[in-house]
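Listed below are the residues making up each chain.
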Amino acid sequence: MAPVDPHSYTDGAHPVTAHAALAFYLDFAASAIHASALITLSAPHSGDLLLDTRALAVHSVSTSSAEAPEPIPFSLAADADPVLGSALTLTLPPDTSSFLLTFSTSPDASALQWLSPPQTASGLPFVFSQCQSIHARSIFPCHDTPAARITYSLLLNVPARLSAVAAARHVARRDPVSSDHRGACDDALWCAPGRIVEEFEMAQCVPPYLFAFAAGAIGSRDLGPRTRVYAEGGDTLLDDAAREFAGVEDMVKVGESLFGPYEWERFDLLVLPPSFPYGGMENPRMVFLTPTVIKGDAAGAQVVAHELAHSWTGNLITNKTNEDFWLNEGFTTYAERRIVEVVQGEERAALNSGIGWRGLNRMMERFKDNMEFTKLKPKMAGIDPDDVYSEVPYEKGFQFLWRIERQIGRPAFDEFLKKYIATFKFQSIDTETFLEFLKANVPGIENQIDLDVWIEGTGIPPDAMEPDSATYRKICTLAAEFKSGKIPSEDEVADWSGQEWELYLENLSTDVEASQVTALDERYKLSESRDYEVKVAFLQLAIPTGCRCYFNEVEKCLKQVGRMKYLRPLYSSLAKCSEEEKMLAKRIFSEAHEFYHPIARSVAESILSKHG
């Protein structure tokens, strides 16, 4: 076997999936999908072929002949690997180019969250997927590696009172037809009264982690000629989201001017329920977002800028494996800040970079006992990507690209970036390929920047640079003065938005007294902020001081929002404190875990387990 990816059973000596025709019957009562997948390979193959699965029940595999399908022998590994799941081995007849699988997902599928009517704003059921990094295999058997890009069609059979969206072109909303499902379920079930089919087509090849859909009581508002916002939370949420993201079309135009043509036709946004585990997910044509990015001051547009930037760096050019994740996130963080710089100004972009710099330094502390994960290209065999997900690939990757820009100048770097995107679009590449391209197109760069230190070295390289701006320096100075008891005056913070407060709180010393923390909050009510970036940064500061007066806010936060950016620091802070705080963390988790997406649930469990 020639593995292409430490996180996949895919054999590099064999062809991979080129196209998947998927038919899904969404069974909300069972929290399961009954499905078929007609798989077309990149080349004909004979003999064993391995696919990735996790917690799937595989019912049948056959040749793709509609008239006389023949069974194909298959076996599913009895013992599931805790990271990889179970290998599905097919024994294909000679020169097989396509085959049909029928299967069902588990209620515990790691990519899916099924929300019951009491858990939704509409009072109707809702389901959404989240496949990054290696969770597509829990929805359908696939070569679940970003090295294998696919096109796909998707039929979603849902109750007619619901609607569906997907990271693909919407073809039609129509009545079910028995020939649609290819054995996904019985004809009577597929064509039952009160069911509807939503049909989608993805013609551009994408890595499996960008497969995405959602179904529920979803409404929408148009934002521009190729942008629309969708949400489940009703008219008020839709109106708030439309105001927050009103400038998205302008952002797309800025992105095109910086990085080349936008290749995905539409850039729509779906605001998900509060349990969504990330700030945003860059699914092409349909970005998924947490409702916490709607802050009322357009600041949430910066998360959108990040997901938009992925349209070029991540979706067009993709990391070949999760060991090369910085190629997605470092480039996208750089590109996001270039977009913000044009749309909102250099000071705002510098603030973003400053918050990122603090985050990068914080990651050095988090990984001090395993510095492998401070490398841009860490070794990850046997490691669940969710367990070591961090700001390192984002912020160290940004710093690396910014270092190159400073060395060769922005005009030259812009030309390099456009050429890089044009050369590798719709491909998945590794770090070595990028470095070869860099050295070929910037001759002598390896003599000016120590590329080995940046890629293979641990920690923060000595030629990384803390961002600088007048606003950034002022905030850092005020933060340094807090240790000696000085709280910023109303005049000094009069024009601060959430980002300024976040940067201030991130720069405060953790070695402060409880009285100082409560005095700061009494003046500025940070624990009650509607901006979760501010609220969580403050609560993270307060927990180690023993300020138990804030534990109610901590509990509310952990029960109202499932974004891992907030769960991870709050659970970690509680778990590292006294036995009382540890017991509080365990109680909150026991009461809130059903609200969390499976990915977030697993991360919180891991934190609580690690700290006993």
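Just so it is clear, the structure is predicted and the values come from calculations on it, not from any experiment.

Participant: What am I meant to see in the overall build of the protein chain here?
Facilitator: Counting its regular elements, the protein chain contains 19 helices and 19 strands. On C-alpha atoms alone, the protein chain measures out to a radius of gyration of 24 Å, which is about the 25 Å that the 2.2 N^0.38 rule sets for 612 residues. Along the three orthogonal principal directions, the C-alpha set of the protein chain runs to about 80 × 60 × 50 Å. Every one of the 612 residues in the protein chain was classed for burial, and the buried ones make up 61%. Across the protein chain, contacts joining residues at least 24 apart in sequence account for 73% of those joining residues at least 6 apart. Looking at the protein chain as shown, the accessible area adds up to about 22,600 Å², and 51% of this sits on carbon and sulfur atoms. Side chains of the protein chain carry 56 positive and 85 negative charges; the gap between the two charge centres is 3 Å.

Participant: Where do I start with empty space enclosed by the protein in this structure?
Facilitator: Regions of empty space are outlined by a rolling probe, equal in size to a water molecule, passed over the atoms. Evaluated as defined, the whole model comprises 3 cavities of 30 Å³ or more. Around the largest cavity, the lining comprises 15 residues; the ones closest to its centre are N322, F325, M380, V388 and P393. Considering only residue class, the lining of the largest cavity consists of 10 nonpolar, 3 polar and 2 charged. Its volume calculated, the second largest cavity comes out at about 40 Å³. Lining the second largest cavity are Q132, S133, P146, Y209, N319, N322, F325 and N328. When its residues are assigned to classes, the lining of the second largest cavity shows 3 nonpolar, 5 polar and no charged.

Participant: Sorry, what's going on with the environment of C205 here?
Facilitator: Within the secondary structure, C205 is located in strand β11 (residues 195-206). Residues contacting C205, with those up to four places away along its chain left out, are R149, I150, T151, W264 and F426.

Participant: Please clarify how the layout of surface pockets should be interpreted in this entry.
Facilitator: Of the pockets and cavities examined, the second largest pocket occupies roughly 460 Å³. Lining the second largest pocket are 24 residues, and of these L237, P291, T292, I294 and R530 sit closest to its centre. With 4 residues, the single largest contributor to the lining of the second largest pocket is helix α2 (residues 235-244). Within the lining of the second largest pocket, the residues separate by chemical class into 11 nonpolar, 6 polar and 7 charged.

Participant: Any chance you could explain the packing of aromatic side chains here in plain terms?
Facilitator: Aromatic ring pairs are described here by two measures, namely the spacing of the ring centres and the angle between the planes. Inspection of the entire model under this criterion finds 47 aromatic pairs. Seen in terms of ring centroids, Y278 and Y389 are 5.6 Å apart; in terms of plane orientation they differ by 70°. Their pairing is edge-to-face. Here Y278, found in the loop between β15 (268-271) and β16 (280-281), pairs with Y389, found in the loop between α6 (346-366) and α7 (392-408); they are 111 residues apart in sequence, far enough to count as distant. Looking at Y389, the relative accessible area reads 23%, which means it is partly exposed. Sitting over the face of the ring of Y25, R195 holds its NZ or CZ atom 4.0 Å from the ring centroid. The residue whose ring lies beneath R406 is W402, and the NZ or CZ to ring-centre distance is 4.8 Å.

Participant: I tried to follow the nonpolar core on my own but got confused; where do I start?
Facilitator: F24, F213, F245 and F434 are the most contacted members of the largest nonpolar core, which totals 187 residues. Among the elements that take part in this core, helix α15 (residues 532-542) stands out by supplying 8 residues, more than any other. Formed by 8 residues, the second largest nonpolar core is a distinct cluster that contains L360, M363, M364 and M380.

Participant: Any chance you could explain the side chain of Q113 here in plain terms?
Facilitator: Position of Q113 relative to the elements: it lies in strand β6 (residues 112-115). Relative accessible area serves as the criterion here: at 3%, Q113 is assigned to the buried category. Side chain to side chain, Q113 and S275 meet in a polar contact 2.8 Å long. Excluding residues within four positions of it along the chain, Q113 makes contact with F126, V127, F128, S275, E594, F595, Y596, H597 and P598.

Participant: Is there a simple way to explain the sheet that holds strand β17 (residues 286-289) in this structure?
Facilitator: Strand order in the open sheet made by the 5 strands is β13-β14-β15-β17-β16, with mixed pairing throughout. Both edges of this open sheet fall to β13 (219-224) and β16, since each of them pairs with a single strand only. Helix-sheet contacts for helix α4 (residues 301-309) involve β15, β16 and β17, and the interaxial angle to β17 is about 140°.

Participant: What's the story with the sheet that holds β6 in this structure? I'm lost.
Facilitator: Two strands in a sheet stick together by hydrogen bonds in their backbones, pointing the same way (parallel) or opposite ways (antiparallel). Pairing in this open sheet of 4 strands is antiparallel, and the strands run β6-β7-β12-β9 from one edge to the other. Pairing within the sheet leaves two strands with one partner each, and these edge strands are β6 and β9 (163-166). Neighbour-to-neighbour, the strand axes of the sheet open up by a mean angle of 10°, direction not taken into account. Bridging between β6 and strand β7 (residues 126-129) involves 4 bridges; their strand directions are antiparallel. Residue pairing in the sheet places L112 in a bridge with S129 of β7.

Participant: Help me out: how do you make sense of the packing of helix α3 (residues 248-259) against helix α5 (residues 326-344) in this one?
Facilitator: Relative orientation and spacing of two packed helices are given, respectively, by the angle between their axes and the distance between those axes. Contact pair α3 / α5: the axes reach a minimum separation of 10 Å and the direction vectors enclose 120°. It follows that α3 is oblique to α5 by the angle criterion. Considering the relative orientation of α3 and α5, their crossing is right-handed. Judged by residue contacts, M251, V254, G255, L258 and F259 of α3 engage A335, R338, I339, V342 and V343 from α5.

Participant: Would you mind going over the side chain of D11 with me for this structure?
Facilitator: Here D11 lies in the segment before β1 (17-27). Within the local environment of D11, its side chain forms a polar contact with the backbone nitrogen of A13, the two atoms lying 2.9 Å apart. When sequence neighbours within four positions are dropped, the list of residues in contact with D11 reads M1 and A2.

Participant: Looking at this structure, how should I read unusual backbone geometry?
Facilitator: Note: most residues except glycine have negative phi, and most peptide bonds are trans. Residue S133 follows Q132 across a cis peptide bond; omega there is 5°. When you line up the elements, S133 lands in the loop between β7 and β8 (150-159). The backbone phi angle of E265 is positive, close to 70°, even though this residue is not glycine. When you line up the elements, E265 lands in the loop between α3 and β15. With relative accessibility at 47%, the residue E265 sits in the partly exposed group. Unusually for a residue other than glycine, F426 sits at a positive phi of about 60°. Positionally, F426 belongs in the loop between α8 (410-424) and β19 (427-429).

Participant: Mind showing me how you'd approach the environment of A167 here?
Facilitator: Summarising the element assignment, A167 is placed in the loop between β9 and β10 (169-174). Accessibility expressed as a relative area gives 1% for A167, which makes it buried. Separated by 34 residues in sequence, A167 and E201 have C-alpha atoms that sit 8.9 Å apart. Leave out the neighbours within four places in its chain, and A167 touches Y152, M202, L210, A212, N283, P284 and M286.

Participant: I tried to follow the state of the cysteines on my own but got confused; where do I start?
Facilitator: Cysteine pairs can be linked by a disulfide, which is a covalent bond between their two sulfur atoms. The full count for this structure, using the stated rule, is 0 disulfides. Cysteine C577 shares no disulfide, and the gap to the nearest cysteine sulfur, in C547, comes to 11 Å. Assessed through its relative accessible area of 21%, C577 is described here as partly exposed.

Reading the values: the criteria
Residues numbered from 1 in each chain as written. Predicted model: local features only at pLDDT ≥ 70, side-chain atom pairs only at ≥ 80, totals over all residues. Heavy atoms only, no water. Helix = DSSP H or I, 4+ residues; strand = E, 2+ residues; numbered from the N terminus. Rg over C-alpha atoms; globule rule 2.2 N^0.38 Å. Buried < 20%, exposed > 50% of the residue type's maximum accessible area, 1.4 Å probe, protein only. Contact = heavy atoms within 4.5 Å. Areas by Shrake-Rupley, 256 points an atom, 1.4 Å probe, with all protein chains shown as cover. Lys, Arg positive; Asp, Glu negative; His and termini not counted. Charge placed at Lys NZ, Arg CZ, Asp CG, Glu CD. 1 Å grid on protein atoms, 1.4 Å probe; cavity = no way out; pocket = protein on both sides within 12 Å on 5 of 7 lines; lining within 4 Å. Points joined across faces, edges and corners; volume = space filled by probe spheres on them. Nonpolar A, V, L, I, M, F, W, Y, C, P; charged D, E, K, R; others polar. Phe/Tyr/Trp six-rings, centres within 6.5 Å; stacked < 30°, edge-to-face > 60°. Lys NZ or Arg CZ within 6 Å of the ring centre and 35° of its normal. Core = buried A, V, L, I, M, F, W, Y, C linked by side-chain atoms within 4.5 Å. Polar contact = N/O pair within 3.5 Å; in protein donor to acceptor, adjacent residues only side chain to side chain. Pairing = 2+ DSSP bridges. Axes fitted to C-alpha atoms, helices over the stretch in contact; angles between N-to-C directions. Parallel < 35°, antiparallel > 145°, perpendicular 65-115°, else oblique. Left-handed = near helix turned anticlockwise from the far one by under 90°. Disulfide = S-S within 2.5 Å.

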